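Inside the fold
Each chain, written out:
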Amino acid sequence: MATSPGYVADKAALLRRLARIEGQVRGIARMVEEDRYCIDVLTQVAAVGTALTTVAKKLLDAHVEHCVADALASGDRAEVNEKTRELLEAVERFTKTR
């Protein structure tokens with residue numbers, strides 16, 4: 001089994017992106033507090049959704065390139081099955097929200 005998550009090489013960039021998204025969400029809350037026009041708020045909500053989707057895709061890619069690839073290279077059938085199952089469940093969760 002892998003000792004570190006697949007995204008560890010991109011951890012700093014992911015954390016920076018998540019901090020920007022957090023700022024965007026706070027901005028949306030301010031917009032609502034200020035009674036801003038609903039379409040403007042919805043535009044920002046859509047931008048946050050897109051940004052989170054981008055983060056999710058990077059994490060999913062890291063899982064495939066690191067965790068699943070390591071399991072395949074190990075030759076451990078149980079590990080391959082576990083990582084494949086995790087991948088399929090993640091894809092299912094990810095596509096259910098679309």
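Residues numbered from 1 in each chain as written. Predicted model: local features only at pLDDT ≥ 70, side-chain atom pairs only at ≥ 80, totals over all residues. Heavy atoms only, no water.

Before going further, it helps to examine the nonpolar core. Of all hydrophobic cores here, the largest spans eight residues; its members are Leu-14, Ile-21, Ile-28, Met-31, Val-41, Val-48, Ala-51 and Val-55. Elements with a contribution of two residues or more to this core: helix H1 (11-33) and helix H2 (38-74). Discounting chain neighbours no more than four positions away, the residues touching Ile-21 are Val-48, Ala-51, Leu-52 and Val-55. (Core = buried A, V, L, I, M, F, W, Y, C linked by side-chain atoms within 4.5 Å. Buried < 20%, exposed > 50% of the residue type's maximum accessible area, 1.4 Å probe, protein only. Helix = DSSP H or I, 4+ residues; strand = E, 2+ residues; numbered from the N terminus. Contact = heavy atoms within 4.5 Å.)

This paragraph deals with the environment of Lys-83. Relative to the helices and strands, Lys-83 is located in helix H3 (residues 77-96). Lys-83 gets classed as buried once you look at its relative accessible area, which sits at 8%. In this structure the C-alpha to C-alpha distance between Lys-83 and Arg-20, which are 63 residues apart in sequence, comes to 30 Å.

Turning to a nonpolar patch on the surface, a few remarks are in order. A grouping of Leu-15, Leu-18 and Leu-52 is seen on the molecular surface, where their side chains present a nonpolar patch of about 260 Å² in accessible area. Structurally, Leu-52 can be placed in helix H2. (Patch = residues over 30% accessible without salt bridge, like charges linked within 9 Å, V, L, I, M, F, W, Y side chains within 5 Å. Areas by Shrake-Rupley, 256 points an atom, 1.4 Å probe, with all protein chains shown as cover. Salt bridge = Lys/Arg side-chain N within 4 Å of Asp/Glu carboxyl O.)

The subject of this paragraph is the pattern of salt bridges. Enumeration according to the criterion identifies six salt bridges in this entry. Notably, a salt bridge pairs Glu-22 with Arg-26, separated by 3.4 Å at the nearest N-O pair. Note that Glu-22 and Arg-26 are positioned in helix H1 at a spacing of four residues, about one turn of the helix. When its relative accessible area of 47% is taken as the criterion, Glu-22 is described as partly exposed. In this structure Arg-26 comes out as partly exposed when scored by relative accessible area, which is 45%. Glu-86 is paired through a salt bridge with Lys-83; the nearest N and O atoms lie 3.5 Å apart. In this pair, Glu-86 and Lys-83 both sit in helix H3, three residues apart, roughly one turn of the helix.

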